[in-house]
Amino acid sequence: MTRSPLHDEHVALGATLTQFAGWQMPVRYAGDVAEHRAVRTAAGLFDISHMGQIAVRGADAAAALDFSVVSGMARLAIGRAKYTMLCTADGGIVDDLIVYRRDWDHFIVVANAANVGTVTEELSERCEPFDVAVENITHEVSLQAIQGPKAVDIVTEMCELGGDDVRALKNYTWCTALLRGDVHAMVARTGYTGEDGFELFVTPQDAVEVWRLALTTGVPYGLMPCGLSARDTLRLEAGMPLYGQELSLSTTPYTAGLGWVVQTGAAKELVRPGLNGAVAFTDERIERGDFVGSQALAAAKETHDAWAADPASAPHDARVLVGLVGQARRAARPGYAVMVNDVEVGVVTSGAPSPTLLVPVAMALVHPTARAVGTVVQVDVRGRRESMTVSALPFYSRAS
Amino acid sequence: MSSVPADLLYSAEHEWVSGDVEPGSVVTVGITEHAAKALGDVVFVELPSVGDKVSAGQVCGEIESSKAVSELYSPVSGTITAVNEALSDEPAAINDEPYEGGWIFKVEVSEDIELLDADAYADHIA
């Protein structure tokens, strides 16, 4: 069992700990609902040191990643991040990832805790023909997230240098900052809660200092330390998939309604700097080369387009991801059967009572004939059926 | 550590019982602080109905938190004489005061049953 560098902090805060993907992590501190609401109204601090990090470095790093994942990476500007997926040649999802471009020849890939070993191996194999090194650096990084409408004020105030840069970050960009106490951090405007927020990459040696700085700075703003339970209900309300529930080797990005991550068109790409060191995009848009899964994903797109046009034409076992909102109080949970007219049409992948909306919400993989918003389905909740209505995702969007 | 009041009796399924467990007597039932902590914030309780016949160890309701759902067992056999309707609006009472405002139902006991005392329950959850 791996312990976070913040383990003693969690114990001191009275956290309930749980085992998650080989890590002992906080499931809650004060209470799931209070933590959830703190993120929606003020801010929450999450230890997500269990998330996997993989460094991809070398002259061919961009080309190697471009070949390995479903989104174009050579076109990603330094300072930007991209949500993407690693798929098999059959189009099945190995993991969903956020890739941060640190330099023209340096990327950081953030993977799910349970998948970091597989992703490292798979990337290493795919990158073999390229001049690049792939390294699992999970244990050299502590990742902490500060999420919520007050996150920008809190993280800015935590900065000794770079606060203005942090405030100016757009979604899915990052910068470096010097935090109070001379701690270097990579600060990214990314998260998994549906709120504005930041993820801070620091060394394990600095983790405790950063955690305490976030608490002392954030508590006056209403920040609470938050556990995995609040993280799960926050991401569910935001309609964000979780690997192992909505995403798996037997689903493609199109199954999950995330076909937009697959990039096949042309774009301007970053070129390696010349002797003067200047980095620039190409003048011309460059066609994206082949990547692992490209053929299967093109076919999957066609299939899903056909199902969308004529749902009844889809085979019995065809599935697409939908949102469900309960009409009564009992919540659907993962694994529960979804029925229409006594016929099983799918299965719940995630579900909980929504702390923000105060109704049960769920995500489910269902047959395309049951996907239309407003469709009423029955979910078998421990032997008794509950009516739920197909609803657009996300269930919750922050005011912008 | 979770509190385990000495004056209550307990079931292995983490219910507490207050009162004399003997035929004809009415006892109050709730879930222990240990169980409430393991569930997380309770957001919904499905209560039994007054007049329901319950058997020891039988499911008679559900307790749902954001993270999990747990079946509610009756620790004794008998007839439900009251349920804590306040939990419909304030299910968090189960977390905040599991042994007082968080009580769940009352049963008129129909038969003797052996339950755990506080020491035995404390060992059970250790």
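Thresholds, definitions, all that
What you see as residue numbers is a count from 1 along each chain, following the sequence as written. As they are written, the chains are lettered A onward and the ligands numbered 1 onward, keeping that order. Given that this is a predicted model, residues contribute local features only at a pLDDT of at least 70 and side-chain atom pairs are listed and counted only at 80 or more, while totals for whole chains, interfaces and linings are drawn from all residues. Side-chain figures throughout are based on the complete set of non-hydrogen atoms in the structure, without hydrogens or water. Helix numbering and strand numbering both begin at the N terminus, where a helix is a DSSP run of H or I of at least 4 residues and a strand a DSSP run of E of at least 2. We take the radius of gyration over the C-alpha atoms and set the globule estimate at 2.2 Å times the residue count to the 0.38 power. Contact definition: two residues touch when any of their heavy atoms are within 4.5 Å. Computed by Shrake-Rupley with a 1.4 Å probe, the accessible areas treat only the displayed protein chains as cover when residues are assessed. For this count, His and the chain ends are skipped, Lys and Arg are scored as positive, and Asp and Glu as negative. To locate a charge, take atom NZ for lysine, CZ for arginine, CG for aspartate or CD for glutamate. The start and end points of each domain follow an automatic or database-based domain assignment. Relative accessibility thresholds used throughout: buried, under 20% of the residue-type maximum; exposed, over 50%; partly exposed, between the two (1.4 Å probe, protein chains only). When DSSP finds two or more bridges between two strands, those strands count as paired. Within 3.5 Å is the distance limit for a polar contact, defined as a pair of N or O atoms, with the added protein rule that one can donate a hydrogen and the other accept it, and that residues adjacent in sequence qualify only through two side-chain atoms. In this description, a line fitted to the C-alpha atoms serves as the axis of each element, helices being fitted only across the stretch in contact, and the angle between N-to-C directions of two axes falls anywhere from 0 to 180 degrees. Put simply, two rings from Phe, Tyr or Trp (the six-membered ring, in Trp's case) pair if the centres are within 6.5 Å, and we call them stacked under 30 degrees between planes, edge-to-face over 60, tilted for the rest. Lysine and arginine charges are scored as sitting over a ring when NZ or CZ, respectively, is within 6 Å of the ring centre and within 35 degrees of the ring normal. By buried area we mean the combined loss of accessible area, with a 1.4 Å probe, across both parts when two parts are placed together. For salt bridges, the criterion is a side-chain nitrogen of Lys or Arg within 4 Å of an Asp or Glu carboxyl oxygen. Residues are sorted three ways: Asp, Glu, Lys and Arg are charged, Ala, Val, Leu, Ile, Met, Phe, Trp, Tyr, Cys and Pro are nonpolar, and all the rest, Gly among them, are polar. Patches were defined on residues exceeding 30% relative accessible area and lacking a salt bridge, with like-charge contacts within 9 Å and nonpolar side-chain contacts (Val, Leu, Ile, Met, Phe, Trp, Tyr) within 5 Å.

A. Representation of the overall build of chain A within the structure. Within chain A, the secondary structure is distributed over nine helices and 23 strands. Compactness check: chain A gives a C-alpha radius of gyration of 21 Å against a globular reference of 21 Å for 400 residues, within 12% of the reference. Each principal axis of the C-alpha atoms in chain A carries an extent, and together these give about 65 × 50 × 40 Å. In chain A, the share of contacts with a sequence separation of at least 24, taken over all contacts with a separation of at least 6, comes to 65%. Of the roughly 16,200 Å² that chain A leaves accessible, carbon and sulfur atoms contribute 51%. Across chain A, the 33 positively charged side chains and the 46 negatively charged ones have centroids separated by 7 Å.

B. Main features of the domain arrangement of chain A. On domain assignment, one finds that chain A holds domain 1 (2-49 + 141-226), domain 2 (53-138 + 264-299) and domain 3 (311-391). Summarising the inter-unit geometry, the C-alpha centres of domain 2 of chain A and domain 3 of chain A are found 35 Å apart.

C. Representation of helix α3 (residues 61-68) of chain A in the model. Residue and element names in this part refer to chain A. Burial analysis of α3 places six of its eight residues in the buried class, which makes it a mostly covered element. Along α3, the positions that sit buried rather than exposed are Ala61, Ala62, Ala64, Leu65, Asp66 and Ser68. Buried positions along α3 lie against β5 (52-57), β6 (81-87), β7 (93-103), β8 (106-111) and α4 (116-127).

D. Representation of the pairing of strand β12 (residues 174-179) of chain A. All names here are of chain A. β12 sits mainly inside the fold: five of its six residues count as buried. Pairing analysis gives two bridges linking strand β11 (residues 159-161) to β12, with the strands arranged antiparallel. Of the residues in β12, the one forming a bridge with Cys159 is Leu179. Pairing analysis gives six bridges linking β12 to strand β13 (residues 183-188), with the strands arranged antiparallel. Its bridge partner lying in β13, Leu178 is registered against His184. Connecting β12 to the antiparallel partner β13 that follows it, the hairpin turn spans three residues, and Gly181 within it adopts a positive phi of roughly 95 degrees.

E. Focus on the side chain of Thr32 of chain B. Residue and element names in this part refer to chain B. Relative to the assigned elements, Thr32 resides in the loop between β3 (26-31) and α1 (33-39). Within the structure, Thr32 has its side chain in polar contact with the side chain of Tyr121 (distance 2.7 Å). Those residues in contact with Thr32, other than ones at most four positions away along the chain, are Tyr10, His14, Glu15, Trp16, Pro98, Tyr99 and Tyr121.

F. Structural detail: the sheet that holds strand β22 (residues 376-381) of chain A. All names here are of chain A. An order of β18-β21-β20-β19-β22-β23 is seen for the six strands of this closed barrel, with the pairing classed as antiparallel. Shown here is a sheet whose adjacent strand axes are inclined to one another by a mean of 45 degrees, direction ignored. As judged from the four bridges shared by strand β19 (residues 337-340) and strand β20 (residues 343-353), these two strands associate in the antiparallel manner. In the sheet register, Val340 faces β20, and the bridge partner there is Val343. Contacts from helix α8 (residues 228-237) reach β20 and β21 (360-366) within the one sheet, and its direction differs from that of β20 by about 125 degrees.

G. View of the packing of aromatic side chains. Summed over the entire model, instances satisfying the criterion amount to six aromatic pairs over all chains. On the basis of an interplanar angle of 35 degrees and a centroid distance of 6.5 Å, the ring pair of Tyr29 of chain A and Trp211 of chain A is categorised as tilted. Taken together, the residues Tyr29 of chain A in the loop between β3 (23-28) and α2 (32-41) and Trp211 of chain A in helix α7 (residues 204-218) connect sequence positions 182 residues apart. The burial state of Tyr29 of chain A is the same as that of Trp211 of chain A; both residues are buried. With a centroid separation of 5.1 Å and 75 degrees between ring planes, the pair formed by Tyr100 of chain A and Phe201 of chain A is classed as edge-to-face. Remark: Phe201 of chain A occurs in strand β14 (residues 197-202) and Tyr100 of chain A occurs in strand β7; sequence separation between them is 101 residues. By relative accessible area, which is 8% here, Phe201 of chain A ends up buried. Over the ring of Phe291 of chain A we find Arg288 of chain A, and its NZ or CZ is 4.0 Å from the ring centre. Between the NZ or CZ atom of Lys106 of chain B and the centre of the ring of Trp103 of chain B, over which it lies, the distance is 4.8 Å.

H. Representation of the interface of chain B and chain A. Counting residues at the interface gives 16 residues for chain B and 17 residues for chain A. When chain B packs against chain A, the two sides together hide about 1,400 Å² of surface, and 43% of this comes from carbon and sulfur. Per-residue buried area on chain B facing chain A is highest for Asp41, Ser66 and Lys67 of chain B; these three make up 38% of the total on that side. For the interface between chain B and chain A, the tally reads six salt bridges. Summed over the shared surface of chain B and chain A, the number is 13 residue pairs in polar contact (both at pLDDT 80 or more). Of all elements in the fold, only α1, β4 (42-46) and β6 (59-65) of chain B reach the threshold of two or more residues within the side of chain B that touches chain A. The residue makeup of the side of chain B that touches chain A, split by class, is six nonpolar, four polar and six charged.

I. Expanded view of a negative patch on the surface. A surface patch of like charges, here negative, comprises Asp89, Glu90, Asp96, Glu97 and Glu100 of chain B. Mapping Asp89 of chain B onto the fold places it in helix α2 (residues 86-89).

J. Here's a closer look at the pattern of salt bridges. With the rule as written, the count across this model stands at 20 salt bridges over all chains. A salt bridge links Asp66 of chain A to Arg288 of chain A; the nearest nitrogen and oxygen atoms lie 2.7 Å apart. Of the two residues, Asp66 of chain A sits in helix α3 while Arg288 of chain A sits in the loop between β17 (280-281) and α9 (294-309), which places them 222 residues apart along the sequence. Accessibility assignment for this pair places Asp66 of chain A and Arg288 of chain A in one class, buried. Here Glu122 of chain A and Arg126 of chain A are joined by a salt bridge, their closest N and O atoms 3.1 Å apart. Placement of both Glu122 of chain A and Arg126 of chain A in helix α4 is noted, with a separation of four residues, approximately one turn of the helix. Through salt bridges with shared partners, a single ionic network connects Arg330, Arg382, Arg384 and Glu386 of chain A together with Glu46 and Glu62 of chain B.

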